[in-house]
Amino acid sequence: MSVRLREALREAAAEVPAYPVHERAVRTARRTRRRTAAAVAAVLVLVALVPVAVRGGGRPSIAPAGVDGPALPDRIGLPAFGSLHATDRPRLGPAALIFSGQARGLTGLIDEDGTVGIVGADADRYRTWTVGFEAPAGEQVLLSPDGRRIAVPAGSPGHPGIDLVDLVDGTVRHLASPRPGSSLTRPAGWAPDGSALVVRDTTAANPEGSAYVNTLSLVRLDTGRAVRLLETDQLPIFGTPVAFTADGTRLAFQVGDKVLVTGTDGRQITSFPLPPESGLAGKGAWLTDGTLALVSRDPDTTRWRLRRVDPATGRDLGVLPLPAVDGVTTIRLLGWWPDGSALVVGYRPDPHAPARFDGPLDMDQRTAYPNVRTVRVLGLTPGAAAPDTLLTAPDQVLAIDVADVVVRAGRVRAADPPSGPGGRVWWAAGAVALVLGGLAAARLLRRRRVTRGRAPRG
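In this text, all values refer to a predicted model and were calculated from it rather than measured experimentally.

Asks: I tried to follow the overall build of the chain on my own but got confused; where do I start?
Replies: A count of helices and strands for the chain gives five helices and 26 strands. Taken over 458 residues, the chain has a buried fraction of 47%. Counted over contacts in the chain with a minimum sequence separation of 6, partners at least 24 positions apart contribute 56%. Element-wise, carbon and sulfur atoms account for 56% of the exposed surface of the chain, whose accessible area totals about 22,000 Å².

Listed below in structure tokens is the structure:
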């Protein structure tokens, strides 16, 4: 290479501007770091806002003008996939009702798991609680009178008991069986002030387990002291849950074809046989005048009525001046509105089930899951020609229980059940977003360290 050529190349190279490799890499890393921090901050804000924004977690429904406080929703939906559980945050607070059945969201993917749906007292906030086996709401899972707690069968055959799930503070208290040797414990009725619970225990009567004894006990929740009300080899069938008087001093329950009235000390006051095609009306069976309400079916029909009897003698005092309910397997009395209307659950029959179940041995079949298509809550107003439908439910919602405080309020609100994924789905999505954002940030930081470690060229 000649001298003149070398000088020409040197001059050309000197005129080329130097490329700031190191400085440009530093600026790029800083800009990327700022963008990553902003993205992570946005994800954190989104996750924080999810419990407020999720429909299943707290959007209130639109209530009619003047409706304030606990009220009965005019319809219920099904629990969303990933619904929050009864003890999840944010807490639900008191519930208006609980429901169960075999619809989507109430059963598992493979086996029935007895999921109970829970609806807030004043808004369409939904929660769930899994029992682990078929347990109809209003019969084996009971909502406390104030809507704050649900009583759920729990434990194992060797150590049965009842879980009291508090919807306000999220705690779960286990109540052990009061009957030694019991293999199954179920709630049977709440005292009006929520201070006591009637429980039913099933105990083997012989070593072979071919016969069983059923025991009803009144358990004080503050002391755990239990008072035995009854022990019999017959089953309390339709009369569960137990019906308390408003002052909580007497309770009535049905065993076979008889109604028994006892005091809270276990002393039997009276008992009387039931007329044919009749049964204790339900937890709202006591009327304000001290008489008892029975459900009674007109002969050879699917039409049911409420009638009064004298609790001391069982003497029939006639049909109550309320509309009959037709086309159902039976009705259950939840309680009484301030205007004297009766609130009942009507069990609409499954198309493949018998239209009627005759005889006392078939009484428990009237509310059995396979024989019911859906339930409705109906209002029976004195002097009305027909019942008013106050609450509707999807098909295969097969059992329901309503808090006494909601019944006494005498109000119905326009409901808007939640749809879309539940709160737990959004929690999971937020957690995944945080993990992915963290991995991306870590990868960018590693790249930055590698870039800093490289020697600049120029």
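Asks: What's the story with the pattern of salt bridges in this structure? I'm lost.
Replies: Side chains carrying opposite charge are able to pair once their charged atoms draw close together. This structure, assessed with the given rule, holds 17 salt bridges. Note that Glu231 is salt-bridged to Arg228, the shortest N-O span being 3.1 Å. For Glu231, a relative accessible area of 38% translates into the label partly exposed. Notably, a salt bridge pairs Asp401 with Lys283, separated by 2.9 Å at the nearest N-O pair. Taken as a pair, Asp401 in strand β25 (residues 397-402) and Lys283 in the loop between β17 (278-280) and β18 (292-297) lie far apart in primary sequence, 118 residues in all. According to the relative accessible area criterion, Lys283 is buried, its value standing at 16%. Among the charged side chains, a network of salt bridges with common partners joins Arg148, Asp166 and Asp169.

Asks: Can you help me understand the layout of surface pockets in this one?
Replies: One simple way to see leftover space: roll a probe sized like a water molecule over the atoms. Taken as a whole, the largest pocket spans an internal volume of roughly 610 Å³. As for the largest pocket, its lining consists of 28 residues, and the residues nearest its centre are Phe244, Ala246, Lys283, Gly284 and Asp404. Of all the elements in the fold, those that place two or more residues in the lining of the largest pocket are β5 (142-143), β9 (182-190), β13 (243-244), β21 (331-336) and α4 (404-409). In the lining of the largest pocket, the residues fall into 15 nonpolar, seven polar and six charged.

Asks: Help me understand the sheet that holds strand β15 (residues 258-263), please; the structure alone is not making it clear to me.
Replies: Across a sheet, paired strands are connected by hydrogen bonds in the backbone, their directions being either parallel or antiparallel. The strand order across the open sheet built from four strands is β13-β14-β15-β16, with neighbouring strands paired in antiparallel fashion. The outermost strands of the open sheet, each flanked by one partner alone, are β13 and β16 (268-273). Note: β15 against β16, five bridges, orientation antiparallel. Bridge pairing in β16 places Leu260 opposite Ser271.

Asks: I keep staring at the nonpolar core and nothing clicks. Help me out?
Replies: Taken as a class, soluble globular proteins show a tendency for nonpolar side chains to be buried jointly. One finds Ile76, Leu97, Phe99, Ile118 and Ile400 to be the most contacted residues of the largest nonpolar core, which totals 46 residues. The next biggest cluster of nonpolar side chains, apart from the first, holds 28 residues, and it includes Phe272, Leu274, Leu287 and Leu378.

Asks: What am I meant to see in the environment of Ile150 here?
Replies: Position of Ile150 among the secondary structure elements: in strand β6 (residues 149-156). Ile150 sits in the buried class, given a relative accessible area of 0%. For the pair formed by Ile150 and Val172, sequence separation is 22 residues and the distance between their alpha carbons is 9.7 Å. Once residues lying within four places of it in the same chain are set aside, the contact partners of Ile150 are Ile98, Ile118, Trp129, Leu142, Leu143, Asp163, Leu164 and Val165.

Asks: How should I be thinking about the packing of aromatic side chains in this particular structure?
Replies: Here a ring pair, both rings aromatic, is described through the centre-centre distance and the interplanar angle of the planes. Summed over the entire model, instances satisfying the criterion amount to one aromatic pair. Measuring from ring centre to ring centre gives 6.4 Å for Phe99 and Tyr126, while their planes differ by 70 degrees; the resulting arrangement is edge-to-face. Of the two residues, Phe99 sits in strand β2 (residues 95-101) while Tyr126 sits in strand β4 (residues 126-130), which places them 27 residues apart along the sequence. Take Phe99 and Tyr126: they sit in the same class, and that class is buried.

Asks: Would you take a moment to explain the environment of Ile162 for this structure?
Replies: Locating Ile162 in the fold gives a position in strand β7 (residues 159-166). For the pair Ile162 and Arg186, spaced 24 residues apart in sequence, the C-alpha separation works out to 6.7 Å. Setting aside residues up to four positions removed in sequence, Ile162 forms contacts with Ala151, Val152, Ala154, Arg173, His174, Leu175, Thr185, Arg186, Pro187, Leu197 and Val199.

Asks: When you look at the side chain of Arg179 in this model, what are you seeing that I'm missing?
Replies: Looking at the element boundaries, Arg179 is found in the loop between β8 (172-176) and β9. In contact with Arg179, not counting residues within four places along its chain, are Asp201, Thr203, Thr215, Arg228 and Glu231.

Asks: Got a minute to help me understand the sheet that holds β21 in this structure?
Replies: Read across the sheet, four strands follow the order β21-β22-β23-β24 without closing on themselves; strand pairing throughout is antiparallel. Only two strands of the sheet have a single partner each, and these edge strands are β21 and β24 (388-392). Across the sheet, the mean angle separating the axes of adjacent strands is 30 degrees when strand polarity is ignored. Bridging between β21 and strand β22 (residues 342-349) involves five bridges; their strand directions are antiparallel. From the neighbouring strand, Leu333 faces β22, where its bridge partner is Val344.

Asks: Any chance you could explain unusual backbone geometry here in plain terms?
Replies: The step from Arg89 to Pro90 runs through a cis peptide bond, and the omega angle for that step is -5 degrees. Here Pro90 shows up in the loop between β1 (72-73) and β2. Its identity as a non-glycine residue notwithstanding, Asp300 has a phi of 60 degrees, on the positive side. Relative accessible area serves as the criterion here: at 63%, Asp300 is assigned to the exposed category. The residue Gln396 is not glycine, and still its phi comes out positive at about 75 degrees.

About the thresholds
- Residues numbered from 1 in each chain as written.
- Predicted model: local features only at pLDDT ≥ 70, side-chain atom pairs only at ≥ 80, totals over all residues.
- Heavy atoms only, no water.
- Helix = DSSP H or I, 4+ residues; strand = E, 2+ residues; numbered from the N terminus.
- Buried < 20%, exposed > 50% of the residue type's maximum accessible area, 1.4 Å probe, protein only.
- Contact = heavy atoms within 4.5 Å.
- Areas by Shrake-Rupley, 256 points an atom, 1.4 Å probe, with all protein chains shown as cover.
- Salt bridge = Lys/Arg side-chain N within 4 Å of Asp/Glu carboxyl O.
- 1 Å grid on protein atoms, 1.4 Å probe; cavity = no way out; pocket = protein on both sides within 12 Å on 5 of 7 lines; lining within 4 Å.
- Points joined across faces, edges and corners; volume = space filled by probe spheres on them.
- Nonpolar A, V, L, I, M, F, W, Y, C, P; charged D, E, K, R; others polar.
- Pairing = 2+ DSSP bridges.
- Core = buried A, V, L, I, M, F, W, Y, C linked by side-chain atoms within 4.5 Å.
- Phe/Tyr/Trp six-rings, centres within 6.5 Å; stacked < 30°, edge-to-face > 60°.
- Axes fitted to C-alpha atoms, helices over the stretch in contact; angles between N-to-C directions.

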